[in-house]
2 protein chains.
Amino acid sequence: MTRYDQLAGIIGERIEQGLYTCGERLPSVRTLSQEHEVSISTVQQAYRVLEERQLIEARPKSGYFVSQQHELAALPAMSRPAQRPVEISQWDLVLKLLRADPEDGMVHLGIGMPDISSPTLRPLMKALSRIALQPDLRGMAYGDICGAPALREQIARLLVDSGNLLSWEDIMITSGCHEALSIAIHALCQPGDIVAVDSPSFHGVTQTLKAFGIKALEIPTDPVTGISLEALELALEQWPIKAIQVTPNCNNPLGYIMPDSHKQALLTLAQGYDTPIIEDDVYGDLAYRYPRPVTIKSLDEDGRVLLCSSFSKTLAPGLRIGWIAPGRYMEQATHMKYISTGATALQPQLAVAEFVRQGGYQKHLRRMRAHYQHNCDIMTGWIKTYFPPETRVSRPQGSFLLWIEMPEHFDSLRLNRQLDQVGVQIAVGPIFSASGKYRHCMRLSYALALTPAIEQAVKTIGNAVKRQLDEVNA
Amino acid sequence: MTRYDQLAGIIGERIEQGLYTCGERLPSVRTLSQEHEVSISTVQQAYRVLEERQLIEARPKSGYFVSQQHELAALPAMSRPAQRPVEISQWDLVLKLLRADPEDGMVHLGIGMPDISSPTLRPLMKALSRIALQPDLRGMAYGDICGAPALREQIARLLVDSGNLLSWEDIMITSGCHEALSIAIHALCQPGDIVAVDSPSFHGVTQTLKAFGIKALEIPTDPVTGISLEALELALEQWPIKAIQVTPNCNNPLGYIMPDSHKQALLTLAQGYDTPIIEDDVYGDLAYRYPRPVTIKSLDEDGRVLLCSSFSKTLAPGLRIGWIAPGRYMEQATHMKYISTGATALQPQLAVAEFVRQGGYQKHLRRMRAHYQHNCDIMTGWIKTYFPPETRVSRPQGSFLLWIEMPEHFDSLRLNRQLDQVGVQIAVGPIFSASGKYRHCMRLSYALALTPAIEQAVKTIGNAVKRQLDEVNA
């Protein structure tokens, strides 16, 4: 990442956080140059990047100003889930989303599918192709149940960026982050147990809890700082919580990055109640800021954090390559891996290891981060333009997912049925809650290139939302 | 498969079954030609195949005789497991076997790894290589949670050979047979439930039961006809059995093919007690006889059989492509698939679909069947030569695994520790029992080309076995 990209990231974040408000004059080029000890031209280039992102405007002879059109929509409210353990529902809605056929001609804004069309993925495909033909038949045998050492070594190196000092032997390869989360939950819990989750939360986790007969305790969550530590502490006092599951970096669906101080406080809390933490970091490498945020795992001193991640969002989900660093639970995790899939497909592991080793991963990440951040600005702008003014929108700090909250009486399931008819797919709010909350919310993806067809789809959603609100208000 | 291969199969089977005994004269070429309505030269070629397999000998001017050296060792006894539900142990022993490093310089006779060196796998590797480079990025996206329709269609076609008339929509792709079995068990059972299993049985199943907190009820099993229906019926009367898990075709580790009448009787029994059957057919396509045996699933009329299989033993385990046809349990199985791995790696699926469609699978199978059958004769001969006379040996009807039973007081764990020192790896008996039975047994694989080094290893095992028996008897 260049210096000006870095600087643009810092200033952009200040604007996002409201430090500079709409229409406000930004520091002069000279001031910034001194403050950050960079050249004048670096500051100019940084401002140009922000102009392209439409975050700021240059006014001749006056300097740079926070863009007028960048007035941010209100953030979603702190979530207020039922504060008692619940049985999990919503499988039918999740299944509907999962089974959507990408070739059905609809505009798909519901699924968490990354953009896999970037030319920076080319070397990975070449590696896959080459490894398939290798005469030593590498990749056709079972391989180590914990995964190819070559890949585990590369992952251990990548994890240094998020503050983790792990050996390759601390890491086990899985079939996607999905299997990692499933292994973590299964290694820690028995049926009837209670797991605390941030809320809204990823449906893969809640559906796994459901399958294992585990109850979810949804904890109120702030759209900027993440899971409420006060509410979590109350819950830990009140209930025999077996594990805490959170997604602190580039949260799905809220997009926040939990501040480091919160991460430390959460870990301290977990230590106090001797509770393990299952940390989902699947979007962490897609943080818009650089260097990327640290994991809770990186602060962990007694092996209580089970870090789960994958290459599904950063590279391509079809690879099905994820991993888990299960800390002190390695033995249980190994058993669960064996009974789950025996081992992970070997050729994709070897190809990804090669791609990472040769620098392809970091190069691809740089491109995707910029792409998603750019798309985030555009999509947020469209929501502001086409949705009614009472709309609340998340401010993603990474990844490619936007959480949209309407007034409480709004019904995203009804909206969804209408959109089905006109070829637009969204992710409805209730799948992000164990108990079917968030009916007034939806999640939209801005991963793909934002074509006029997608703008039209957003407009269609906005109009349908307005109609429903008007009807209810009438 | 050619006519002479087919004929050789029929006669070979008669010899294996003892219809023609050691040293007995076989029917003349002319007689067989008339009986089977084939040409003289077809019979001659069939006899040549059997000569190569050392099953028969030609004696000048006298005709063909059952080979003297083919006097068969005694079969293992009917198994006598504890006839009550047990908690499962043996994970440490299973893990030791799983973690064996194939590159450690040892002779590996313990693992269930197929021979992947055949040139008939070449087109599959080329397909993998080609698909990786396809510009439409097929194989990089998530794909259907139930697997690529193209592959499911090909599997539905292959299943016709085992008597199954299924649609592609009845089939779900999994990450190996392992995930299929895990999904089946998880879809049917709760912790504390009891599952009846044939015994000895595959450790993947018993370890899965263990992980889910399910008890195993091991049913006495005959080394020729499979699970004892009488014992199973008694068990069904006595215990609330949630599912019956069997491997009726080319059983691992016993090698038998359950007679069709037994399959039907087992199904009728399951119907009577309204119990589902989890059928593992992972070795079924490697039956030495042709056409291959039918599955219990093919006789199933009310969707109670969950058929599990994979390409791990027939093609290559590194692909991690298996499948399940879960009958009436499709909905539960889909949920379990989602929480287990989300989806299966897509490129290997597409490559296998292409390979099957172009006839590569059947061609490869023909070659591997002949290869394994040939190796079976040689390995059985070596056991007869190098092991003590009280050794009992299974008579595999397919696959590449031999089950060896020593007198009750023999200890395969002690043997294993000795063999570790001299670079020979075996699979010890107790891992094939939920309760650690079969300590006097072991399983050897004859998948790989049987080199002098392997013969030497078998001799080493035989000598160590003799020494231990002598010590105990002394």
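Model, not experiment: these values are computed from the prediction.

### Comments concerning the pattern of salt bridges
- According to the stated counting rule, one finds 36 salt bridges over all chains in the structure shown.
- Of the charged contacts in the structure, one is a salt bridge between Lys263 of chain A and Asp260 of chain A, with a shortest N-O distance of 3.7 Å. Taken as a pair, Lys263 of chain A and Asp260 of chain A lie in helix α10 (residues 260-272) at a separation of 3 residues, close to a single helical turn.
- Using a relative accessible area of 0% as the deciding quantity, one classes Lys263 of chain A as buried.
- As a salt-bridge pair, Arg14 of chain B and Glu35 of chain B come within 3.6 Å of each other at their nearest N and O atoms. Remark: Glu35 of chain B occurs in helix α2 (residues 29-36) and Arg14 of chain B occurs in helix α1 (residues 3-16); sequence separation between them is 21 residues.

### Points about the sheet that holds strand β10 (residues 277-280) of chain B
Residue and element names in this part refer to chain B.
- Across the sheet, which stays open at both edges, the 7 strands sit in the order β4-β12-β11-β10-β9-β5-β6 with mixed pairing between neighbours. In the strand order of this sheet, the two ends are held by β4 (172-174) and β6 (215-219), each with one partner. Going across the sheet, the axis of each strand differs from the next one's by a mean of 25 degrees, ignoring polarity.
- Direction of pairing for strand β5 (residues 194-198) relative to strand β9 (residues 241-246): parallel, over a ladder of 4 bridges. Each residue of the ladder has a partner; that of Val197, found in β9, is Gln245.
- Helix-sheet contacts for helix α7 (residues 176-188) involve β4, β9, β10, β11 (305-310) and β12 (322-325), and the interaxial angle to β11 is about 160 degrees.

### Points about the nonpolar core
- Core analysis: the largest hydrophobic core is formed by 248 residues, its most contacted members being Phe311 and Ile461 of chain A together with Phe311, Met442 and Ile461 of chain B.
- Excluding residues that lie within four positions of it along the chain, Ile461 of chain A makes contacts with Leu109, Phe387, Leu415, Leu419, Val424, Ile426, Met442 and Leu444 of chain A.

### Some details on the interface of chain A and chain B
- The partner chain B presents 60 residues to the 59 residues of chain A that form the contact.
- Summed over both sides, the interface of chain A with chain B buries roughly 5,000 Å², with 67% coming from carbon and sulfur.
- Three residues stand out in chain A for area buried against chain B, namely Met140, Tyr142 and Tyr338 of chain A, and they jointly supply 16% of the buried area on that side.
- For the interface between chain A and chain B, the tally reads 2 salt bridges.
- In this structure, the salt-bridge partner of Asp144 of chain B is Arg99 of chain A, at a minimum N-O distance of 3.2 Å.
- For the pair chain A and chain B, the number of links is 26 residue pairs in polar contact (both at pLDDT 80 or more).
- The set of elements that each furnish at least two residues to the side of chain A that touches chain B consists of α4 (91-98), α5 (122-132), α7 (176-188), α8 (203-211), α11 (330-341) and α12 (346-357) of chain A.
- Looking at the side of chain A that touches chain B, its residues break down into 30 nonpolar, 21 polar and 8 charged.

### Overview of the domain arrangement of chain A
All names here are of chain A.
- Splitting chain A by domain gives domain 1 (3-70), domain 2 (91-116 + 362-473) and domain 3 (121-359).
- Computed over C-alpha atoms, the centres of domain 2 and domain 3 are 25 Å apart.
- On the side of domain 3, 34 residues touch domain 2, which itself brings 34 residues to the contact.
- Both faces considered, domain 2 and domain 3 share a buried interface measuring about 2,900 Å² in area, 60% of it formed by carbon and sulfur atoms.
- Considering only the side of domain 2, the residues that lose the most area to domain 3 are His364, Arg369 and Gln397, jointly responsible for 21% of the buried surface there.
- Between domain 2 and domain 3 we count 0 salt bridges in total.
- Run the count over domain 2 and domain 3 and you get 18 residue pairs in polar contact (both at pLDDT 80 or more).
- Mapped onto the side of domain 2 that touches domain 3, the elements with two or more residues apiece are α4, α13 (360-386) and β14 (401-405).
- Looking at the side of domain 2 that touches domain 3, the element that brings in the most residues is α13, giving 9 residues.
- Class assignment for the residues of the side of domain 2 that touches domain 3 results in 20 nonpolar, 10 polar and 4 charged.

Conventions we followed
Within each chain, residues carry numbers counting from 1 in the order of the written sequence. All chains are assigned letters beginning with A, and all ligands numbers beginning with 1, in the order in which they are written. Totals for whole chains, interfaces and linings use every residue, but because this is a predicted model, local features are given only for residues with pLDDT of at least 70 and side-chain atom pairs only at 80 or more, for both listing and counting. With hydrogens and water stripped out, all remaining heavy atoms of the structure feed into the side-chain values. The working definition used for a salt bridge is a side-chain nitrogen of Lys or Arg within 4 Å of a carboxyl oxygen of Asp or Glu. The secondary structure listing takes helices from DSSP runs of H or I that are at least 4 residues long and strands from runs of E that are at least 2 residues long, numbered from the N terminus. Each residue is placed in one exposure class: buried if its accessible area under a 1.4 Å probe, protein chains only, is under 20% of its type's maximum, exposed if it is over 50%, and partly exposed if it falls in between. By the convention used here, strands pair only if DSSP detects at least 2 bridges between them. Angles here are taken between N-to-C directions and fall from 0 to 180 degrees, while the axes themselves are lines fitted to C-alpha atoms, restricted in helices to the stretch in contact. Residues count as neighbours in contact if any of their non-hydrogen atoms are within 4.5 Å of one another. Only buried residues count toward a nonpolar core, which is a set of Ala, Val, Leu, Ile, Met, Phe, Trp, Tyr and Cys residues joined through side-chain atoms within 4.5 Å. Accessible-area loss on putting two parts together, using a 1.4 Å probe and summing over both, is the definition of buried area adopted here. Whenever two N or O atoms come within 3.5 Å, that pair is a polar contact, provided that in protein one can donate a hydrogen and the other can accept it, and provided that, for residues adjacent in sequence, both atoms are side-chain atoms. In the scheme used here, Gly and all other residues not listed as nonpolar or charged are polar, with Ala, Val, Leu, Ile, Met, Phe, Trp, Tyr, Cys and Pro taken as nonpolar and Asp, Glu, Lys and Arg as charged. All domain edges in this entry derive from an automatic or database-based domain assignment.

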